[in-house]
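Each chain is listed here by its residues.
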Amino acid sequence: MRISVQEAPFDLGAEIAGFGAAGNAGAVVTFSGIVRDDTGRMVALELEHYPGMTEKALTRIAEEAMARWSLADCVVIHRYGRLAVGEPIMMVATAARHRKAAFEAAEFLMDYLKSRAPFWKREIGVDGPGDWVDAKDTDEAALNRW
Amino acid sequence: MVEVVYFAWLRERIGVPRERVETGAATVSDLVAELSAREPRYAAAFADLAAVRVALDQELSDFDAPLAGVREVAFFPPMTGG
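In what follows, the accompanying structure is described. Small disclaimer: the values here were computed from a predicted structure and weren't measured. Along each chain, the written sequence defines residue order, and numbers are assigned to residues from 1. Following the order in which they are written, the chains are lettered starting with A and the ligands numbered starting with 1. Restriction of local features to residues with pLDDT of at least 70 applies here, the model being predicted, together with a cutoff of 80 or more for giving and counting side-chain atom pairs; totals for whole chains, interfaces and linings are based on all residues. Side-chain measures here rest on the full set of heavy atoms in the structure, leaving out hydrogens and waters.

So, the overall build of chain A
A tally of helices and strands in chain A yields 4 helices and 8 strands. Helical segments are the DSSP runs of H or I of at least four residues, strand segments are the runs of E of at least two, and each set is numbered from the N terminus. Its helices and strands taken in sequence order, chain A reads β-α-β-β-α-β-β-β-α-β-β-α from the N to the C terminus. Only C-alpha atoms enter the radius of gyration, while the globule expectation follows 2.2 Å times N to the 0.38, with N the number of residues. Relative to the globule expectation of 15 Å for 146 residues, the C-alpha radius of gyration of chain A, 16 Å, shows essentially globular dimensions. Taken along the three principal axes of its C-alpha coordinates, chain A extends 50 × 35 × 30 Å.

A word on the pattern of salt bridges
Basic side-chain nitrogens of Lys or Arg form a salt bridge, by our definition, when they fall within 4 Å of a carboxyl oxygen of Asp or Glu. Following the criterion strictly, the structure yields 15 salt bridges over all chains and no others. Counted as one network, the salt bridges with shared partners bring together B:E3, B:R18, B:R20 and B:E72.

Looking at the nonpolar core
In terms of nonpolar packing, the biggest core is built from 35 residues, with B:F46 and B:F75 touching the most fellow members. Breaking this core down by element, the ones donating at least two residues are β1 (2-6), α1 (8-14), α2 (28-38), α3 (40-45), β3 (53-56) and β5 (72-76) of chain B. We call two residues in contact when some of their heavy atoms are within 4.5 Å. Beyond its immediate stretch of four places on either side in the chain, B:F46 contacts B:Y6, B:L10, B:I14, B:V32, B:L35, B:S36, B:V52 and B:F75. Side-chain atoms within 4.5 Å are what join buried Ala, Val, Leu, Ile, Met, Phe, Trp, Tyr and Cys residues into a set we call a nonpolar core. Relative accessibility under 20% of the residue-type maximum defines a buried residue, over 50% an exposed one, and the middle range a partly exposed one, all with a 1.4 Å probe and only protein chains included. Within the second largest apolar cluster, 33 residues are counted, among which are A:L45, A:V92, A:A106 and A:L113.

What about the sheet that holds strand β4 (residues 73-79) of chain A?
Strand pairing in a sheet is mediated by backbone hydrogen bonds. Such pairs are either parallel or antiparallel. All names here are of chain A. The strand order across the open sheet formed by 4 strands is β1-β4-β6-β2, and the pairing between neighbours is mixed. Looking along the sheet, the strands with just one partner apiece sit at the ends: β1 (2-6) and β2 (27-34). The mean angle between the axes of side-by-side strands here comes to 5°, regardless of whether they run parallel or antiparallel. Across 5 bridges, β1 lies against β4 in parallel orientation. Bridge pairing in β4 places S4 opposite I77. Those strands touched by helix α3 (residues 99-116) are β2, β4 and β6 (88-96), and its axis lies near 145° from that of β6. Strands qualify as paired when DSSP identifies two bridges or more between them. Simply put, an axis is a line fit to the C-alpha atoms, just over the touching stretch for a helix, and the angle between two N-to-C directions goes from 0 to 180 degrees.

Here's the deal with the interface of chain A and chain B
Contacts between the two partners involve 26 residues from chain A, matched on the other side by 21 residues from chain B. Values labelled buried area give the accessible surface lost by two parts on being combined, using a 1.4 Å probe and summing over both. Contact with chain B buries surface across chain A, with A:Y50, A:M53 and A:W120 losing the most and accounting together for 34% of the total. Inspection of the chain A/chain B interface yields 3 salt bridges. In protein, a polar contact means a hydrogen-donor-capable atom and an acceptor-capable atom, both N or O and within 3.5 Å, with residues adjacent in sequence counting only if both atoms are side-chain atoms; elsewhere, any N or O pair within 3.5 Å suffices. On the surface where chain A and chain B come into contact, there are 15 residue pairs in polar contact (both at pLDDT 80 or more). Contributions of two or more residues to the side of chain A that touches chain B are made by β3 (42-49), α2 (53-68), β6, α3 and β7 (119-125) of chain A. The element best represented in the side of chain A that touches chain B is α3(A), accounting for 5 residues.

Observations concerning the environment of B:A47
All names here are of chain B. For A47, the location among the structural elements is in the loop between α3 and β3. What makes A47 exposed here is its relative accessible area of 65%. Placed 22 residues apart in sequence, A47 and A25 show a C-alpha to C-alpha distance of 19 Å.

Comments concerning the packing of α2(A) against α3(A)
Residues and elements named next belong to chain A. The geometry of α2 relative to α3 is characterised by a closest axis approach of 10 Å and an angle of 160° between their N-to-C directions. As far as their axial angle goes, α3 and α2 are roughly antiparallel. For the element pair α2 and α3, the recorded crossing hand is right-handed. Between α2 and α3, the residues in contact are A57, L58, I61, A62, E64, A65 and R68 and F108, L109, Y112, L113 and R116, respectively. Each residue belonging to the contact of α2 with α3 can be placed in one class, and the counts come to 9 nonpolar, no polar and 3 charged. Here the word oblique covers every angle except those under 35 degrees (roughly parallel), over 145 (roughly antiparallel) and from 65 to 115 (roughly perpendicular). Left-handed describes a crossing whose near helix is turned anticlockwise from the far helix through less than a right angle; right-handed describes the clockwise counterpart. For this scheme, ten residues count as nonpolar: Ala, Val, Leu, Ile, Met, Phe, Trp, Tyr, Cys and Pro. Four count as charged, namely Asp, Glu, Lys and Arg, and the remainder, Gly too, count as polar.

Structural notes on the environment of A:V43
Residues and elements named next belong to chain A. Mapped onto the fold, V43 is located in strand β3. Assessed through its relative accessible area of 33%, V43 is described here as partly exposed. Separated by 83 residues in the primary sequence, V43 and V126 place their C-alpha atoms 6.0 Å from one another.

Quick word on the packing of aromatic side chains
Pairing of aromatic rings covers Phe, Tyr and Trp, the last through its six-membered ring, and needs centres within 6.5 Å; plane angles under 30 degrees mean stacked, over 60 mean edge-to-face, and all others mean tilted. Applying the stated criterion to the full structure yields 11 aromatic pairs over all chains. Taking 6.4 Å as the distance between ring centres and 65° as the angle between the ring planes, the aromatic pair formed by A:Y50 and B:F76 counts as edge-to-face. Of this pair, A:Y50 sits in the loop between β3 and α2 while B:F76 sits in strand β5, which puts the two residues in different chains. In this structure B:F76 comes out as buried when scored by relative accessible area, which is 0%. Here A:F108 and A:W146 contribute two aromatic rings whose centre-to-centre distance is 5.7 Å and whose plane-to-plane angle is 90°, an arrangement assigned as edge-to-face. Here the residue A:F108 occupies a position in helix α3, and A:W146 occupies one in the segment after α4 (137-141), the gap between them amounting to 38 residues. Relative accessible area serves as the criterion here: at 0%, A:F108 is assigned to the buried category.

Structure representation (structure tokens):
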């Protein structure tokens, strides 16, 4: 299991090379989130986080996924700082014996880190810093299925 | 004495990322009331508590929680990771 909170970019391919092999996994699922521009006027996202609490929260969520789906391995990488449109923000990877567990665990990780990991996003537009992104009710509701 | 930290728009409205606060507040709600009575920038930041989350020593908590033994109180908006 590996958790990383970092400003630097990550290499998704390098992260999953040989991933899960040691744990006799039969399935690997990856998800990567990318900065998108819905308005045509956004240049970047700025992500603030709570150093210390972020690592603890991600570790707890990943440990729960490892135990609940008997994962062979799990990686969570989340960036902070200024990220341009098109840049990757975060990734999760899960390795399990079967695909259902790997998919479910990846979705669980995503749902939880969206509303339980202390990150805050602000849009940076062509005219400078804009609004903080509001949390969505649907993100909170997504936790209920777990 | 407790260390109080703020993130995102709470940090911007209050104007500092962290501060040491001399307080005898028994709960988080008491601390919020104390700060809000102190200066308008706090009252503005804490005007809508439905939009504010709190962590005590880096664990998510709630406004009824006691402050006894707590070293760090963090206030921030609902999280938007992922």
